[in-house]
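# Structural characterization, general
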Amino acid sequence: MDLTMPQLPLSAASCVVLAAIAFLMIVLIRAVTQEAVPSFQVELSEAEAQDSISAAKYTPSKSSTTDQIPCYDPGNMQLLGHLPAMTSAQVKSVVADAQTAAKEWKHSSFKQRKLLLKAILKYTVEHQQQICRVSSRDSGKTAVDAALGEVMVTCEKIWWLIKHGQKWLKPEHRSAGIMMFYKSARVEYHPVGVVGAIVPWNYPFHNIFNPLSAAVYSGNAIVIKVSEHASWSSLYYGRIIKAALKSVGAPEHLVQIVTGYAEAGNALVTSGVNKLIFVGSTEIGKKVMQAAAQNLTPVVLELGGKDAFIICDDANLAETVPTAMKGAFFSCGQNCAGAERFFVQEAVYDDFLNQVAEVTKKMRQGPALGGGPIDCGAMCMPGLAEKVADLVGDAVQHGAKVLAGGHVVQHPSGGQFFAPTVLANITSDMRIWREEVFGPVLAVMKFRTDAEAVALANDCPFGLGSTVFSSSRARANAIAHQLQVPVPPV
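Attention here is on the structure that accompanies the text.

Procedures and definitions
Residues numbered from 1 in each chain as written. Predicted model: local features only at pLDDT ≥ 70, side-chain atom pairs only at ≥ 80, totals over all residues. Heavy atoms only, no water. Axes fitted to C-alpha atoms, helices over the stretch in contact; angles between N-to-C directions. Helix = DSSP H or I, 4+ residues; strand = E, 2+ residues; numbered from the N terminus. Parallel < 35°, antiparallel > 145°, perpendicular 65-115°, else oblique. Left-handed = near helix turned anticlockwise from the far one by under 90°. Contact = heavy atoms within 4.5 Å. Nonpolar A, V, L, I, M, F, W, Y, C, P; charged D, E, K, R; others polar. Salt bridge = Lys/Arg side-chain N within 4 Å of Asp/Glu carboxyl O. Buried < 20%, exposed > 50% of the residue type's maximum accessible area, 1.4 Å probe, protein only. 1 Å grid on protein atoms, 1.4 Å probe; cavity = no way out; pocket = protein on both sides within 12 Å on 5 of 7 lines; lining within 4 Å. Points joined across faces, edges and corners; volume = space filled by probe spheres on them. Pairing = 2+ DSSP bridges. Expected span 1.5 Å × (residues − 1). Right-handed = clockwise from strand over helix to strand, strands pointing away. Core = buried A, V, L, I, M, F, W, Y, C linked by side-chain atoms within 4.5 Å.

This part is about the packing of helix α11 (residues 317–329) against helix α12 (residues 346–361). Two elements in contact, α11 and α12, have axes whose closest approach is 10 Å; the angle formed by their N-to-C orientations is 55 degrees. Relative to α12, the element α11 lies oblique. The chirality of how α11 crosses α12 is right-handed. Only Val348, Asp351, Phe352, Gln355, Val356, Val359 and Thr360 of α12 make contact with α11, whose side of the interface consists of Leu317, Val321, Ala324, Met325 and Phe329. By residue class, the composition of the contact of α11 with α12 is nine nonpolar, two polar and one charged.

If you want it as structure tokens, here you go:
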């Protein structure tokens, strides 16, 4: 597996980030090796252990089966096997087992919960290559994207829970008010029971272990329904979970994984879980909320994103361009909180376009495993490359200009690819302005004033994140504070 860094320009800020990542890994390795943290081993199949395998080719069919899920590598279409599409009755049986486990686990100590997370963290740190290989094979992302977007992010979240989780779950005292001066009041945090999670395909490892870690640390059981487009990896990740649970004496059914289609997802939503997490499209999110309302199940939704990336005329392009390209092309653009709308002030508009187009044309694309180094991997979901091509085509018809890429790639491997693309002259009457792309497209629009940039960025139904680049922190903050998003980095 090739962990060569992509051929993108590295700014000073990027070097600082990489140094910080290296430092974090050192801290984590020391933390999990200096304590008496359980160790365990997980057996690997050939496809999990080897970069290159021999396997038949899979051809997607429009007439999908309902009893099994075909699993394949989107980078070369090698068939990895089939997993069961679980029925409603099977899912409800899984939830019932989780409810039994939850009754036991809610009495667990923070010491035991921390030990479970430390065991998972230790295995993750010591087996990064295998974890990244499996993620790359199932989702098509590069090994570097898997290392940064799957392993590092997951490790950091687990480590935060270990260090700070107990503090934020302790009872908190509150004022009882003047009328109740003779009483005391406090807020207590109790496990809800069984958490259900329906997660997408773009980050197979992170999307399982992210909800898992928070749920079990809070004293809950969890049932996770993985996407039918990235189910194969759940076999290995599920074995990791089972071994970790056993190593600390946790209930066997505390964490369980469900595979299937819409029937399995609907069954989980309506099964009587005590809280539900859904990450995915807005359209499906509405259906999940509607179904959950029948049992008044609390729902947490993370839906589509179309982040704005604002570049002011005083921004240092040497710092900005690498970050912009990472925002557009990381994991082949298949990110919920990924940059999709680039607003560049007119004074630096042409220079920015020239720089990003030059580098984009040089990006290497292909299967994540078994070949040479690549900068951009495959499109995980069948038909997604064609959908991105349709959005780009509509933009071109309405006046946009393709400066790099802009087409479906017919790769010798037979995989699902769309070329890294730079689009200029984007306008608000194009579909790509409002629809989530979820692909490797850096779409650029020119703006004149800061007020115009704010208005353009806020003209969007999505609001996951944004980014502002300026050499003036005061100016960047002034813009960021006006954006209708929860987390605007500057």
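Close approach of charged atoms allows side chains with opposite charge to pair. The final tally for this structure, using the stated rule, is 16 salt bridges. A salt bridge links Arg475 to Asp313, with the shortest nitrogen-to-oxygen separation between them at 2.9 Å. With a gap of 162 residues between them, Arg475 in helix α16 (residues 473–480) and Asp313 in the loop between β10 (307–311) and α11 connect regions that are remote in the sequence. When its relative accessible area of 35% is taken as the criterion, Asp313 is described as partly exposed. In this structure, the salt-bridge partner of Asp314 is Arg475, at a minimum N-O distance of 3.1 Å. Separated by 161 residues along the polypeptide, Asp314 in the loop between β10 and α11 and Arg475 in helix α16 bring together distant segments of the chain.

This brings us to the layout of surface pockets. Estimates place the volume of the second largest pocket at around 1000 Å³. What lines the second largest pocket is a set of 33 residues, and nearest its centre among them are Trp201, Phe278, Gly280, Ser281 and Ile284. At the level of secondary structure, the elements contributing two or more residues to the lining of the second largest pocket comprise α9 (262–269), β8 (275–279), α10 (282–293) and α13 (384–397). In terms of residues, the lining of the second largest pocket owes the most to one element, α10, which gives six residues. A class-by-class count of the residues in the lining of the second largest pocket yields 18 nonpolar, nine polar and six charged.

Read across the open sheet, the six strands follow the order β12-β15-β16-β11-β10-β17; overall the sheet is mixed. Since the sheet does not close on itself, it has two edges, and those belong to β12 (401–404) and β17 (466–469), each with one partner. Taken over all neighbouring pairs, the strand axes of this sheet differ in orientation by 25 degrees on average, direction set aside. α11 contacts β10, β11 (339–345), β15 (421–424), β16 (441–447) and β17 of the sheet and is inclined by roughly 130 degrees relative to β16. Running at roughly 140 degrees to β16, helix α15 (residues 450–458) makes contact with β10, β11 and β16 of the sheet.

With 16 residues, α12 extends 23 Å between its outermost C-alpha atoms, agreeing within 8% with the 22 Å of an ideal straight helix rising 1.5 Å per residue. What α12 keeps buried is the set Val348, Tyr349, Phe352, Leu353, Val356, Ala357, Val359 and Thr360. Taken together, the buried residues of α12 touch β10, α11, β11, β12, β15 and β16.

Attention shifts here to the pairing of strand β6 (residues 221–225). Judged by how many residues are buried, β6 sits mostly within the fold: five of five residues are covered. Burial of the side chains of β6 extends over both faces: Ala221, Val223 and Lys225 are buried on one face and Ile222 and Ile224 on the other. Each parallel crossover has a hand, and for strand β5 (residues 194–198) linked through helix α7 (residues 204–217) to β6 it is right-handed. Where β6 and strand β7 (residues 255–258) come together, four bridges link them in parallel fashion. Along β7, the bridge assignment pairs Lys225 with Val258. At this point the chain moves from β6, through helix α8 (residues 233–247), to the parallel β7, and the crossover so formed is right-handed.

On to the nonpolar core, then. In terms of nonpolar packing, the biggest core is built from 74 residues, with Leu116, Phe209, Leu212, Tyr237, Ile240 and Leu254 touching the most fellow members. In terms of residue count, the dominant contributor to this core is helix α6 (residues 143–169) (eight residues). Ignoring anything within four residues of it in the chain, the contact list for Tyr237 reads Ile131, Val134, Ser135, Pro204, Phe205, Ile208 and Phe209. Counting residues in each nonpolar core, the second largest holds 66 residues, with Leu317, Val348, Val437 and Ala457 among its members.

To continue, consider the packing of α7 against α8. For the pair α7 and α8, the least separation of the axes is 10 Å and the interaxial angle reads 35 degrees. Judged by the twist between their axes, the crossing of α7 over α8 is right-handed. For the pair α7 and α8, contact is made by Pro204, Phe205, Ile208, Phe209 and Leu212 and by Ser233, Ser234, Tyr237, Ile240 and Ile241, respectively.

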